[in-house]
Amino acid sequence: MSDDRTVLEAVARAAQACFQQHPVVILGSGASVPHKIRGMGELATFLLENVTASEGQEADAWLLIRTALANGDGLEEALLKTAAPPSLVQKIVALTWKAIAVDDLGVMSRAIQGEETFHLSRLIQGMLRTTHTVMNIVTPNYDRVAEYATDMVGYIHATGFVPGFIRTREGTDAVTIRRGAHPARTVRIWKVHGSLDWFAGPKGQVVSLPISAELPDKFDPLIVTPGVSKFERTHDEPFRSAIQGADAALEAASSFLCVGYGFRDRHIQPKIVERCLQRNVPIVILARTLTDEAKNFLAGSAGQAYLALERDGEGTRIYSPDHPAGITVARSDVWSLENFNNLVL
């Protein structure tokens, strides 16, 4: 146990070093799972049960996707292997939106009833209870967990749209809100793959609207689902501006905190690698299970100031420059955001 204590003291020092640099927070799908937002596996099941492909190109492409899933590919891999026709992509996007929207509205309902715990809220509160007035979150998630977590502690969240109900894009002139004589403390959330409340109207106008369980009539959701056309879509607004904002935040980061992020996104990784490998910027990675991509990052691109934690049976496995192959300690909760908060706040 004395060895465990020594390792955990080193974990605490690394976590505090990261926090003191006011990290850019990267949220992956693993950060949403505790809030009952379905992950890729459950989403794949939903799509298999609900996609109705028309005869011809749609049916042919959907058969290939279904076969890949049946052979053990994940949803992202299966969609990347097949160049689906635009009409099928549109169906997949609409059904993905519908599935995640139902989950997201459940989070909001539980939040306003006081039945949802947001460990992210405590982190936000701790990061903004300092001289910093802005913190940055970068995420490929469509859900609004980060927005809810910000609201729950009374701060402003900004996603690139002006305030209001029928919200237009912020554009190059960022909106600044003041509270009394001072700028309101704000969480900038860079949603590089879009958001459940972003839509394209019948005339192509981009707008953010309140959502229900059904899509607004004649509006298309602005979310980027996995697939061959993924990178084409991100060249358009509002994705391009979100990616540019994320890039600027990542390029200026003095440290990173990754929560449930799988290191599978080409829009986010290059800047993290650049900062960690070339500048030795501290990075802490919290995950229930580290992906192979995350472990590859640790092995070759994380620099010498990294700490990664994942659950290991009844314990936690810890990776650091002192333990590049990992070492397991008996405590099972060390990898959680709740425990990270306890170490730094």
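Keep in mind it's a predicted model, so treat the numbers as computed, not measured.

## With respect to the sheet that holds strand E9 (residues 220-223)
Across a sheet, paired strands are connected by hydrogen bonds in the backbone, their directions being either parallel or antiparallel.
1) Next: With antiparallel pairing, the three strands of this open sheet are ordered in space as E8-E7-E9. Each having just a single partner strand, strand E8 (206-208) and E9 make up the two edges of the open sheet. With strand direction ignored, the average angle separating the axes of adjacent strands in the sheet is 45°.
2) Next: One ladder, built from three bridges, connects strand E7 (residues 194-200) with E8; its direction is antiparallel. The residue of E8 that forms the bridge with phenylalanine 199 is valine 207.
3) Next: Packing of helix H5 (residues 86-112) onto the sheet brings it into contact with E7 and E9, and relative to E9 it is tilted by some 80°.

## Remarks on the pairing of strand E10 (residues 256-259)
Moving residue by residue along a regular strand, the side chains alternate between the two faces of the sheet.
1) Next: Along E10, one buried face is formed by Phe256 and Cys258 and the opposite face, lined by Leu257 and Val259, is buried too.
2) Next: Here strand E1 (residues 24-27) runs beside E10; their pairing, made up of four bridges, is parallel. When the sheet's bridge partners are listed, isoleucine 26 is paired in E10 with cysteine 258.
3) Next: For E10 and strand E11 (residues 283-287), the ladder comprises four bridges, and the chain directions are parallel. Across the sheet, leucine 257 pairs through a bridge with valine 284, a residue of E11.
4) Next: Chirality of the crossover, the property in question, places the unit of E10, helix H10 (residues 269-279) and E11 among those that are right-handed.

## Topic: the packing of helix H2 (residues 40-50) against H5
1) Next: Following both chains from N to C, one finds H2 and H5 inclined at 125°, their axes separated by 10 Å at the closest point. Here H2 lies oblique to H5, going by the angle between them. Along this stretch, H2 crosses H5, giving a crossing that reads as right-handed. Between H2 and H5, the residues in contact are Leu43, Phe46, Leu47 and Asn50 and Ile92, Leu95, Thr96 and Ala99, respectively.
2) Next: Of the residues assigned to the contact of H2 with H5, the class counts are six nonpolar, two polar and no charged.

## So, the packing of helix H6 (residues 119-128) against helix H12 (residues 337-344)
The axes of two packed helices give the description: the angle between them and the distance between them.
1) Next: Between H6 and H12, whose axes approach to 9 Å, the crossing angle comes to 25°. Relative to H12, the element H6 lies roughly parallel. Our pair here, H6 against H12, has a crossing hand that is left-handed. In this structure, H6 uses His119, Leu120, Arg122 and Leu123 to contact H12, whose residues at the interface are Leu337, Glu338, Phe340, Asn341 and Asn342.

## Observations concerning the side chain of lysine 271
1) Next: Tracing the chain through its elements places lysine 271 in helix H10.
2) Next: Residue lysine 271 is classed as buried on the basis of its relative accessible area, which comes to 19%.

## Structural notes on empty space enclosed by the protein
Where empty space is left can be seen by rolling a probe of water-molecule size over the atoms.
1) Next: One pass over the structure, following the stated rule, counts one cavity of 30 Å³ or more.
2) Next: By volume, the largest cavity amounts to about 40 Å³.
3) Next: Lining the largest cavity, in full, are Leu27, Ala31, Ser32, Thr139, Asn141, Asp143, Val145, Ala146, Glu147 and Lys191.
4) Next: The element best represented in the lining of the largest cavity is helix H7 (residues 145-151), accounting for three residues.
5) Next: The residue makeup of the lining of the largest cavity, split by class, is four nonpolar, three polar and three charged.

## Notes on H5
1) Next: In this model H5 runs 38 Å from its N-terminal to its C-terminal C-alpha over 27 residues, within 8% of the 39 Å that 1.5 Å per residue would give.
2) Next: Looking one or two places after H5, you find glycine 114, whose phi comes out positive at around 75°.

## A word on the layout of surface pockets
1) Next: By volume, the second largest pocket is sized at about 690 Å³.
2) Next: For the second largest pocket, the lining is made up of 35 residues, of which Asp151, Ile156, His157, Ala158 and Arg167 are closest to its centre.
3) Next: Looking at the lining of the second largest pocket, the elements with two or more residues in it are H5, H7, strand E3 (156-158) and strand E6 (186-191).
4) Next: Tallying contributions element by element places H5 first for the lining of the second largest pocket, with four residues.
5) Next: A per-class count over the lining of the second largest pocket returns 21 nonpolar, seven polar and seven charged.

## Overview of the pattern of salt bridges
1) Next: On inspection of all chains with the given rule, the structure shows 15 salt bridges.
2) Next: Put simply, glutamate 237 and arginine 240 hold a salt bridge, and the shortest N to O gap is 3.6 Å.
3) Next: A residue is classified by how much of its surface remains accessible, and glutamate 237, at 26% relative accessible area, is partly exposed.
4) Next: A cluster of three or more residues bridged by salt bridges with shared partners is formed by Asp104, Arg144 and Asp197.

## A few points about the sheet that holds strand E13 (residues 315-320)
1) Next: The sheet built from nine strands is open, its strands ordered E3-E6-E2-E1-E10-E11-E12-E13-E14 with mixed pairing. The open sheet is flanked by E3 and strand E14 (323-329), the only strands paired with a single partner. Pairwise comparison of adjacent strand axes, ignoring direction, gives a mean angle of 20° for this sheet.
2) Next: Note: E13 against E14, four bridges, orientation antiparallel. Following the sheet pairing, threonine 316 is matched in E14 by valine 329.
3) Next: The sheet strands contacting H10 are E1, E10 and E11, and the helix crosses E10 at an angle near 135°.

Conventions we followed
Along each chain, residue indices are assigned from 1 in the same order as the chain's sequence is written. Given that the model is predicted, a residue must reach a pLDDT of at least 70 before its local features are reported, and side-chain atom pairs must reach 80 or more before they are shown or counted; all residues, however, enter totals for whole chains, interfaces and linings. Side-chain numbers come from the whole structure's heavy atoms, not from hydrogens or water. Only when DSSP finds a minimum of two bridges between them are two strands counted as paired. For helices the rule is a DSSP run of H or I covering at least 4 residues; for strands it is a run of E covering at least 2, with both sets numbered from the N terminus onward. The angle between two axes is taken between their N-to-C directions and runs from 0 to 180 degrees, where each axis is a line fitted to C-alpha atoms and a helix contributes only its stretch in contact. Should any heavy atoms of two residues lie within 4.5 Å, those residues are considered in contact. Any residue under 20% of the maximum accessible area for its type is buried, any over 50% is exposed, and the rest in between are partly exposed; the area is computed with a 1.4 Å probe on protein chains only. We call a crossover right-handed when, viewed with both strands directed away from the observer, the connection leading from the first strand over the helix to the second proceeds clockwise. Roughly parallel covers angles under 35 degrees, roughly antiparallel covers those over 145, roughly perpendicular covers 65 to 115, and oblique covers all other angles. For any helix crossing, the convention is left-handed if the near helix is rotated counterclockwise from the far helix by under a right angle, and right-handed if that rotation is clockwise. When residues are sorted by character, Ala, Val, Leu, Ile, Met, Phe, Trp, Tyr, Cys and Pro go into the nonpolar class, Asp, Glu, Lys and Arg into the charged class, and all the rest, Gly among them, into the polar class. Using protein atoms alone on a 1 Å grid, points that fit a 1.4 Å probe yet trap it form a cavity, whereas open point sets bounded by protein on both sides within 12 Å along at least five of seven lines form a pocket; residues with an atom within 4 Å of a point count as lining. Grid points are joined across faces, edges and corners, and a volume is the space filled by probe spheres set on the points. Expected span, for any helix, means 1.5 Å times one less than how many residues it has. Here a salt bridge means any side-chain nitrogen of Lys or Arg lying within 4 Å of a carboxyl oxygen belonging to Asp or Glu.

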